[in-house]
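# Notes for the structure review
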Amino acid sequence: MKNFLLLLTAIMIFAASPLYAFEKAVPMDFIFKGGDYKERITMVIDAPLSARVAGPDGSHFYIDFAGRSELQNTETDDNGIETYSADPNTVTIRSSAAEATVGNLTAGLIYEPVTSSLAWFIRPAGAEGTEQMWTEELSESEYQFIGFQTTITADVGTNAVLVQYTGYLPESNEIVLEVTDADGAEILTRKLIRVDDIPGYFQIPGGGILAIESAEDSDGIRVISYEWVKGPPLW
């Protein structure tokens, strides 16, 4: 069956969101997800990056990413701590130890959702858990290169509805919403909302009613504050 693919751009994990009566969204955020869709989260390193991890007997491992890399979620433990492993073809691992052999080691990131903290890890290929693992918390400067990316897929003809805030058109002073109805005659519908009409209530294709309180610039990014009065129905 034919698939369509929607992509949520990376959002830096250190940018914690404060609590508001209205939810906040930046361009490429999905503001509604419902029905039979699949979601896959990857960790993204956006630029060349090198790190150091303390190893055994006073030695150090050195991790080098030559460019943009996606790390796959390979493990989530009972405490919700997530492990993201790098493709061996995207990372080089070196050791300061004499006569060290690092060909059977893997590297990646450990994410602690409660504190939004990150740590590098090195461990033998194929191993799981922390029994034989070397870790190092990220430095403050390293956080700016790390983000999450979510890929959402759904089969055409299935019961899935997605609403994405895709951006702002300065030439027309409009914000853009895209509504995906996997079972609809028009799978993808665009909704344009003039900033001058905000705050207000807006009918969304498919039967939803969205309240938008504001659309304001923050560090050059148009951020909307919204809440659903009536979410799009799932037929």
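The preceding data block contains the structure.
Residues numbered from 1 in each chain as written. Predicted model: local features only at pLDDT ≥ 70, side-chain atom pairs only at ≥ 80, totals over all residues. Heavy atoms only, no water.

## A look at the overall build of the protein chain
Counting its regular elements, the protein chain contains zero helices and 19 strands. Taken over 235 residues, the protein chain has a buried fraction of 40%. (Helix = DSSP H or I, 4+ residues; strand = E, 2+ residues; numbered from the N terminus. Buried < 20%, exposed > 50% of the residue type's maximum accessible area, 1.4 Å probe, protein only.)

## Overview of the pattern of salt bridges
For the coordinates displayed, the defined rule picks out seven salt bridges. The closest approach of N and O atoms between Asp64 and Arg94, which form a salt bridge, is 2.9 Å. With Asp64 in strand β6 (residues 60–65) and Arg94 in strand β9 (residues 91–95), the pair connects residues that are 30 residues apart, well separated along the chain. As a salt-bridge pair, Arg123 and Glu75 come within 3.3 Å of each other at their nearest N and O atoms. Separated by 48 residues along the polypeptide, Arg123 in strand β11 (residues 117–124) and Glu75 in strand β7 (residues 69–76) bring together distant segments of the chain. (Salt bridge = Lys/Arg side-chain N within 4 Å of Asp/Glu carboxyl O.)

## Concerning the environment of Val156
Tracing the sequence through the fold places Val156 in the loop between β13 (146–155) and β14 (160–169). Looking at Val156, the relative accessible area reads 27%, which means it is partly exposed.

## Side note on the nonpolar core
Core analysis: the biggest nonpolar cluster contains 24 residues, and Met43 and Trp120 have the highest contact counts within it. Sorting the residues of this core by element identifies β4 (38–45), β5 (49–54), β6, β8 (82–86), β9, β10 (105–112), β11 and β13 as the ones contributing at least two each. No other element matches β10, which puts four residues into this core. With sequence-adjacent residues up to four places away left out, Met43 is seen in contact with Ser69, Glu70, Leu71, Tyr84, Leu109, Tyr111, Leu118, Ile146, Gly147 and Phe148. Of all hydrophobic cores here, the second largest spans 19 residues; its members include Ala25, Val163, Ile204 and Ala215. (Core = buried A, V, L, I, M, F, W, Y, C linked by side-chain atoms within 4.5 Å. Contact = heavy atoms within 4.5 Å.)

## Things to note about the environment of Gln144
Within the element layout of this structure, Gln144 appears in the loop between β12 (134–137) and β13. Residue classification places Gln144 among the partly exposed positions, given a relative accessible area of 47%. For the pair Gln144 and Asp46, spaced 98 residues apart in sequence, the C-alpha separation works out to 8.9 Å. Within polar-contact distance, the side chain of Gln144 engages the backbone oxygen of Ser141 at 3.0 Å. (Polar contact = N/O pair within 3.5 Å; in protein donor to acceptor, adjacent residues only side chain to side chain.)

## Considerations on the pairing of β5
Side-chain alternation along β5 places Leu49, Ala51 and Val53 on a buried face and Ser50, Arg52 and Ala54 on a face that remains uncovered. Examined bridge by bridge, β5 and β6 share six bridges and lie antiparallel to one another. The residue bridging Ala51 from the neighbouring strand is Ile63, located in β6. Taken together, β5 and the strand that follows it, β6, pair antiparallel across an intervening segment of five residues, in which Asp57 is found at a positive phi of about 55 degrees. (Pairing = 2+ DSSP bridges.)

## Remarks on the sheet that holds strand β19 (residues 221–230)
Across the sheet, which stays open at both edges, the four strands sit in the order β2-β19-β18-β17 with antiparallel pairing between neighbours. Either end of the sheet is taken by a strand with one partner, and the two such strands are β2 (23–25) and β17 (200–204). Pairs of neighbouring strands in the sheet enclose a mean axial angle of 40 degrees, with direction left out of account. Inspection of the sheet shows β17 paired to strand β18 (residues 208–218) by five bridges, in the antiparallel sense. The residue of β18 that forms the bridge with Ile204 is Gly208. (Axes fitted to C-alpha atoms, helices over the stretch in contact; angles between N-to-C directions.)

## What to know about the sheet that holds β14
Spatially, four strands are ordered β3-β14-β15-β16 in an open sheet, and the strand pairing comes out antiparallel. Since the sheet does not close on itself, it has two edges, and those belong to β3 (29–35) and β16 (188–194), each with one partner. The mean angle between the axes of side-by-side strands here comes to 20 degrees, regardless of whether they run parallel or antiparallel. Strand direction decides the pairing type here: strand β15 (residues 174–181) and β16, joined by seven bridges, are antiparallel. Each bridged residue has a counterpart across the sheet, and for Val179 the counterpart in β16 is Thr189.

## Observations regarding a negative patch on the surface
On the surface, a cluster of negative charge is made up of Glu23, Glu213, Glu216 and Glu227. Checked against the element boundaries, Glu23 lands in strand β2. (Patch = residues over 30% accessible without salt bridge, like charges linked within 9 Å, V, L, I, M, F, W, Y side chains within 5 Å. Areas by Shrake-Rupley, 256 points an atom, 1.4 Å probe, with all protein chains shown as cover. Lys, Arg positive; Asp, Glu negative; His and termini not counted. Charge placed at Lys NZ, Arg CZ, Asp CG, Glu CD.)

## Looking at unusual backbone geometry
Between Ile198 and Pro199 the backbone carries a cis peptide bond, its omega angle lying at 10 degrees. With respect to the element layout, Pro199 can be found in the loop between β16 and β17. Of note, the phi angle at Met28 is positive, near 85 degrees, even though the residue is not glycine. Looking at where Met28 falls in the secondary structure, it is placed in the loop between β2 and β3. Of note, the phi angle at Asp57 is positive, near 55 degrees, even though the residue is not glycine. Following the sequence through the fold, Asp57 ends up in the loop between β5 and β6. Overall, Asp57 belongs to the exposed group, its relative accessible area being 83%.

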